[in-house]
Amino acid sequence: MARTGWWELSDEVWAAVEARAGPVAGARDVADGLTCQTAVVLTTSSGMVFMKGVPANDARGRAAQATEAAVNAAPRDVGPRLLWQVVAGGWDLLGFECVDGRHADLSAGSADLALVADVLRSAQDVRAPEGAGVLSFADRFADVLPGEQLELLRGDTLLHTDTNPHNLLVDGDRAWLVDWAMPATGPAWVDVAYTTVRLMEADCPAPDALEWAAQFPVWAMADPRAVEAFVAGTCRLWERQIGARGARPSNARFTVLGMAT
């Protein structure tokens, strides 16, 4: 996705942002992330702000941002607070408290793994606000799983579903879960499962990654049939998107996850 930097935005956008954040004294563009077309850390008179946004004519992007704004109050203890939202100069923009951190290291033996575990435990108590329009996690697999398997993937925890290292920021002695652009409601073990796969992607040996997952009671008590449905549905979606041969390396990690139950 092509990115638009702060200095490429229009005077109208600058004025609208400064009306909410205060005069901007500095800006650092952020290259990471897949769900926005502009991302920047602003130094303002009121402090540091992380701003992300999509073009106002991007219906899918705006819908994701609307959902992220709607659920923001729920994961307050695990994610940064939304400060403002503005539509101006052809852009839909969100301004958040800035987490001055680094991406989590998910490799074997990393001290960050304990911090990531802590934030995931806190996230398991989060529920979606009423009226936020968050869809069920099961609905993502409606085209690839039968009804009885879909029912196993329903639950009431507000899931992040994209716990890649770019969305896990370490700041001092804690981790933050940022970018809630893909939330869903479902079983609490789902984000543990996704993160365990990310550990394997960071070259953490599968037995070590599964041992890390085992510390979570929600994972230890997960219905094996539900985990099998999750693995099967995820692999089928990847195969549909990029083909069975191209999806095989990623699918292998999910398959290991399913075989552990």
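Up top is the structure.
Residues numbered from 1 in each chain as written. Predicted model: local features only at pLDDT ≥ 70, side-chain atom pairs only at ≥ 80, totals over all residues. Heavy atoms only, no water.

S.K.: Give a detailed account of the overall build of the protein chain, specifying residues and quantitative values.
M.R.: The helix and strand inventory of the protein chain stands at nine helices and ten strands. By the compact-globule yardstick of 18 Å for 261 residues, the protein chain fits well, its C-alpha radius of gyration being 19 Å. With respect to the three principal axes, the spread of C-alpha positions in the protein chain is 55 × 40 × 40 Å. When burial is assessed residue by residue, the protein chain has 48% of its 261 residues classed as buried. Long-range contacts, defined as pairs at least 24 residues apart, comprise 66% of the intrachain contacts of the protein chain with a sequence gap of at least 6. (Helix = DSSP H or I, 4+ residues; strand = E, 2+ residues; numbered from the N terminus. Rg over C-alpha atoms; globule rule 2.2 N^0.38 Å. Buried < 20%, exposed > 50% of the residue type's maximum accessible area, 1.4 Å probe, protein only. Contact = heavy atoms within 4.5 Å.)

S.K.: Now, about the sheet that holds strand 1 (residues 24-29): what can you tell me, with residues and values included?
M.R.: The strands making up a sheet are joined through hydrogen bonds of the backbone, oriented either antiparallel or parallel. Spatially, five strands are ordered 1-2-3-5-4 in an open sheet, and the strand pairing comes out antiparallel. Looking at which strands have only one partner, the edges of the open sheet turn out to be strand 1 and strand 4 (82-88). On average, each strand axis in the sheet is inclined to that of its neighbour by 25 degrees, with strand direction left out of account. Pairing geometry for strand 1 and strand 2 (residues 38-44), over five bridges, is antiparallel. Bridging from a neighbouring strand, alanine 27 pairs with leucine 42 of strand 2. (Pairing = 2+ DSSP bridges. Axes fitted to C-alpha atoms, helices over the stretch in contact; angles between N-to-C directions.)

S.K.: Kindly report on the nonpolar core, identifying the contributing residues and their values.
M.R.: If you look at the biggest cluster of nonpolar residues, it comprises 54 residues, and the most contacted ones within it are Phe137, Leu153, Trp189, Trp212, Trp219 and Phe230. In contact with tryptophan 212, not counting residues within four places along its chain, are Leu113, Val116, Ala117, Leu120, Val192, Thr195, Thr196 and Leu199. Judged by nonpolar contacts, the second largest core, of 16 residues, contains Trp6, Ala16, Trp84 and Leu93. (Core = buried A, V, L, I, M, F, W, Y, C linked by side-chain atoms within 4.5 Å.)

S.K.: For helix 5 (residues 190-201), give the residues involved together with the corresponding values.
M.R.: Since the α-helix turns once every 3.6 residues, residues separated by three or four places project in the same direction. For helix 5, with twelve residues, the first-to-last C-alpha span of 17 Å sits near the 16 Å given by 1.5 Å per residue. Among the twelve residues that make up helix 5, ten are buried, leaving the element largely enclosed by the rest of the structure. Two residues or fewer after helix 5 comes aspartate 203, characterised by a positive phi angle close to 70 degrees. (Expected span 1.5 Å × (residues − 1).)

S.K.: Could you give an account of the sheet that holds strand 8 (residues 168-171), with specific residues and numbers?
M.R.: With antiparallel pairing, the three strands of this open sheet are ordered in space as 6-8-9. The strands lining the two open edges of the sheet, one partner per strand, are strand 6 (102-103) and strand 9 (174-177). Relative to strand 9, strand 8 runs antiparallel, the two sharing four bridges. Of the residues in strand 9, the one forming a bridge with leucine 169 is tryptophan 176. Of the strands in this sheet, strand 6, strand 8 and strand 9 are in contact with helix 3 (residues 112-123), which crosses strand 9 at around 50 degrees.

S.K.: For the side chain of glutamine 65, give the residues involved together with the corresponding values.
M.R.: Mapped onto the elements, glutamine 65 comes out in helix 2 (residues 59-71). For glutamine 65, a relative accessible area of 2% gives the class buried. Not counting residues within four places of it along the chain, the set of residues in contact with glutamine 65 comprises Lys52, Gly53, Val54, Asp92, Leu93 and Leu94.

S.K.: Give me the lowdown on the pattern of salt bridges, citing residues and values where you can.
M.R.: Tallied over the full model, the rule gives 13 salt bridges. With its nearest N and O atoms 2.9 Å apart, the salt bridge here joins aspartate 179 to lysine 52. Taken together, the positions of aspartate 179 in the loop between strand 9 and strand 10 (184-186) and lysine 52 in strand 3 (residues 47-55) put the pair 127 residues apart, joining distant regions of the chain. For the pair aspartate 179 and lysine 52, one class covers both residues: buried. Across the pair arginine 102 and aspartate 112 runs a salt bridge whose closest N-O atoms are separated by 2.7 Å. Of the two residues, arginine 102 sits in strand 6 while aspartate 112 sits in helix 3, which places them ten residues apart along the sequence. Since its relative accessible area comes to 44%, arginine 102 is described here as partly exposed. Taken together, the shared-partner salt bridges connect Lys52, Glu68 and Asp179 into one network. (Salt bridge = Lys/Arg side-chain N within 4 Å of Asp/Glu carboxyl O.)

S.K.: So what about helix 8 (residues 224-242)? Which residues, and what values?
M.R.: For helix 8, built from 19 residues, the straight-helix expectation of 27 Å at 1.5 Å per residue is met to within 8% by its first-to-last C-alpha distance of 27 Å. Buried within helix 8 are the following residues: Ala226, Val227, Ala229, Phe230, Val231, Ala232, Gly233, Thr234 and Cys235. One or two residues past the end of helix 8 sits glycine 243, with phi positive at roughly 95 degrees.

S.K.: Lay out the environment of tryptophan 14 in plain terms, naming residues and giving numbers.
M.R.: With respect to the helices and strands, tryptophan 14 occurs in helix 1 (residues 11-21). Residues tryptophan 14 and glycine 89, 75 residues apart in the sequence, show an inter-C-alpha distance of 8.9 Å. Apart from the residues within four sequence positions on either side, tryptophan 14 is in contact with Trp6, Trp7 and Leu9. A polar side-chain atom of tryptophan 14 sits 2.9 Å from the main-chain carbonyl oxygen of tryptophan 6. (Polar contact = N/O pair within 3.5 Å; in protein donor to acceptor, adjacent residues only side chain to side chain.)

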